[in-house]
Amino acid sequence: MQAHQLSSGDIIADRRADYARMLDEGGEPASAAELMEQALEIAPVWAAGWFRLAEYREKAGNGEGAIAALDRVRGLDPDDMFGAALKLALLGGIAVPEQPPTAYVERLFDDYAGHFDEALVERLDYSVPKKLSEVIRRTLGKNCRFALAVDLGCGTGLFGEEIRDCVERLEGFDLSANMLAKAEEKRVYDLLGQADLSVGPEECGLFSEDLSRHRAGLVSAADVLMYLGNLENFFSLAAEISAPGAIVAFSVEDAGAGEGFRLLESLRYAHSETYLKSLCAANGLQILALEKTVIRMDAGQPVHGILIVSEKPA
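Conventions and cut-offs
- Residues numbered from 1 in each chain as written.
- Predicted model: local features only at pLDDT ≥ 70, side-chain atom pairs only at ≥ 80, totals over all residues.
- Heavy atoms only, no water.
- Helix = DSSP H or I, 4+ residues; strand = E, 2+ residues; numbered from the N terminus.
- Rg over C-alpha atoms; globule rule 2.2 N^0.38 Å.
- Buried < 20%, exposed > 50% of the residue type's maximum accessible area, 1.4 Å probe, protein only.
- Contact = heavy atoms within 4.5 Å.
- Areas by Shrake-Rupley, 256 points an atom, 1.4 Å probe, with all protein chains shown as cover.
- Lys, Arg positive; Asp, Glu negative; His and termini not counted.
- Charge placed at Lys NZ, Arg CZ, Asp CG, Glu CD.
- Axes fitted to C-alpha atoms, helices over the stretch in contact; angles between N-to-C directions.
- Parallel < 35°, antiparallel > 145°, perpendicular 65-115°, else oblique.
- Left-handed = near helix turned anticlockwise from the far one by under 90°.
- Nonpolar A, V, L, I, M, F, W, Y, C, P; charged D, E, K, R; others polar.
- Salt bridge = Lys/Arg side-chain N within 4 Å of Asp/Glu carboxyl O.
- Phe/Tyr/Trp six-rings, centres within 6.5 Å; stacked < 30°, edge-to-face > 60°.
- Lys NZ or Arg CZ within 6 Å of the ring centre and 35° of its normal.

Focus on the overall build of the protein
Phase 1: On a plain count of helices and strands, the protein comes out with 12 helices and nine strands.
Phase 2: The C-alpha radius of gyration of the protein comes to 21 Å, within 12% of the 20 Å expected for a compact globule of 314 residues.
Phase 3: A principal-axis box enclosing the C-alpha atoms of the protein has dimensions of 65 × 40 × 35 Å.
Phase 4: Going through the 314 residues of the protein one by one, you find that 51% of them count as buried.
Phase 5: Sequence-distant contacts, at least 24 apart, represent 59% of the contacts inside the protein between residues at least 6 apart.
Phase 6: Summed over its atoms, the accessible surface of the protein is roughly 14100 Å², and 48% of this surface lies on carbon and sulfur atoms.
Phase 7: Of the side chains in the protein, 30 bear a positive and 51 a negative charge, and the two mean positions are spaced by 4 Å.

Section: the packing of helix 2 (residues 29-42) against helix 3 (residues 47-59)
Phase 1: Where helix 2 meets helix 3, the closest approach of the two axes is 8 Å, and the angle between their N-to-C directions is 155°. Our classification of the angle between helix 2 and helix 3 gives roughly antiparallel. In terms of crossing hand, the pair formed by helix 2 and helix 3 is left-handed. Residue-level contacts link Pro-29, Ala-32, Ala-33, Met-36, Glu-37 and Leu-40 of helix 2 to Gly-49, Trp-50, Arg-52, Leu-53, Tyr-56, Arg-57 and Lys-59 of helix 3.
Phase 2: Partitioned by chemical class, the residues of the contact of helix 2 with helix 3 number eight nonpolar, one polar and four charged.

Quick look at the pattern of salt bridges
Phase 1: Inspection of the entire model under this criterion finds 22 salt bridges.
Phase 2: Via salt bridges that share partners, Asp-223, Glu-253, Arg-268, Arg-296 and Asp-298 belong to a single interconnected network.

Some details on the packing of aromatic side chains
Phase 1: Tallying each qualifying case throughout the model produces seven aromatic pairs.
Phase 2: Note on Phe-51 and Phe-82: the rings are 5.5 Å apart at their centroids and 25° apart in plane angle, and the pair reads as stacked. Of this pair, Phe-51 sits in helix 3 while Phe-82 sits in the loop between helix 4 (63-76) and helix 5 (84-90), and the two are 31 residues apart along the sequence.
Phase 3: Note on Phe-234 and Phe-235: the rings are 5.4 Å apart at their centroids and 80° apart in plane angle, and the pair reads as edge-to-face. Considered together, Phe-234 and Phe-235 belong to a single accessibility category, that of buried residues.
Phase 4: Within the aromatic cluster, the residues linked to one another by ring pairs are Phe-234, Phe-235 and Phe-250.
Phase 5: Over the ring of Phe-207 we find Arg-213; its NZ or CZ atom is 4.9 Å from the centre of that ring.

Examining the packing of helix 1 (residues 11-25) against helix 2
Phase 1: Running from amino to carboxyl end, helix 1 crosses helix 2 at an angle of 170°, the nearest separation of the two axes being 8 Å. Comparing the axis directions of helix 1 and helix 2 gives the class roughly antiparallel. Counting all contacts with helix 1, which are made through Ile-12, Ala-13, Arg-16, Ala-17, Tyr-19, Ala-20, Leu-23 and Asp-24, the residues of helix 2 involved are Pro-29, Ser-31, Ala-32, Leu-35, Met-36, Gln-38, Ala-39 and Ile-42.
Phase 2: Partitioned by chemical class, the residues of the contact of helix 1 with helix 2 number 12 nonpolar, two polar and two charged.

Concerning the environment of Ala-89
Phase 1: Within the secondary structure, Ala-89 sits in helix 5.
Phase 2: Under the relative-accessibility criterion, Ala-89 is labelled buried at 10%.
Phase 3: Separated by 178 residues in sequence, Ala-89 and Leu-267 place their C-alpha atoms 9.8 Å apart.
Phase 4: If we ignore the near neighbours within four places in the chain, the residues touching Ala-89 are Ile-94, Ala-95, Val-96, Pro-97 and Leu-263.

Quick word on unusual backbone geometry
Phase 1: For Arg-187, which is not glycine, the phi dihedral falls at a positive 55°.
Phase 2: Relative to the helices and strands, Arg-187 is located in the loop between helix 10 (177-186) and strand 3 (191-194).
Phase 3: A relative accessible area of 73% places Arg-187 in the exposed class.
Phase 4: Backbone geometry at Leu-267 places phi at a positive 70°, although glycine is not the residue there.
Phase 5: Judged by its relative accessible area of 12%, Leu-267 is buried.

Take a look at the structure:
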């Protein structure tokens, strides 16, 4: 749920918060912040309310006040389902986190699942699944056949739909249970499961007695790595799940020049070409294709990305 949909538990505080939201939507964030402060005097342990106050203060140009409110959010919500740490980093309150809070990413996509396909494909001209599939097919040619593919961060199954005809068995994994439920409706995958790409092999959910290591001929990560900052763990997991000679294909938002990754105003991460090449080399992956392209629109502006198809040594 969005922050404004979470009740404080007090009808008066909720009413003041609703008026504050109306003021903000009317272009008066400073007045909205004042009214939100009154709501929080009534409901001082309302984490969502403090997050909204931070937003209003930031819009009103009160960066220090926004940081103080976000600190309160983190104290009240240790799992950080609102992503307060990411906002704090953008405001200069803390260093940029290596990874976003797991609870934040899970909540974000659980909330988004019901209208994900419509929002991305129809409204934002989202094209990663189709473009990544095309790069794989073009690169491999007649060899584009896989006994088993593992789609990491499969979401609602958009990439699975694009690659299914090249795959005998297709597995999909995602952090969001609601996304997996939407993917299940499409009947594209032979197996769907919940997994966390930010943790190690023993905890991630990709391996079990029935799910062996080094099993996949194709490992894909279409539009999921922007929700991971440091990608070292992802590459380790890709190495663990891929068979010798496997293809590892993925997309990122393009950070441009630089050595690593950076946090964007969208609360997503962008990664540089240099960073990706260094991680591929460190993990023994040979890059077969690297393409830069527009991957979607955001607020009417093109979002630039990098698509990479790499190969693990046989």
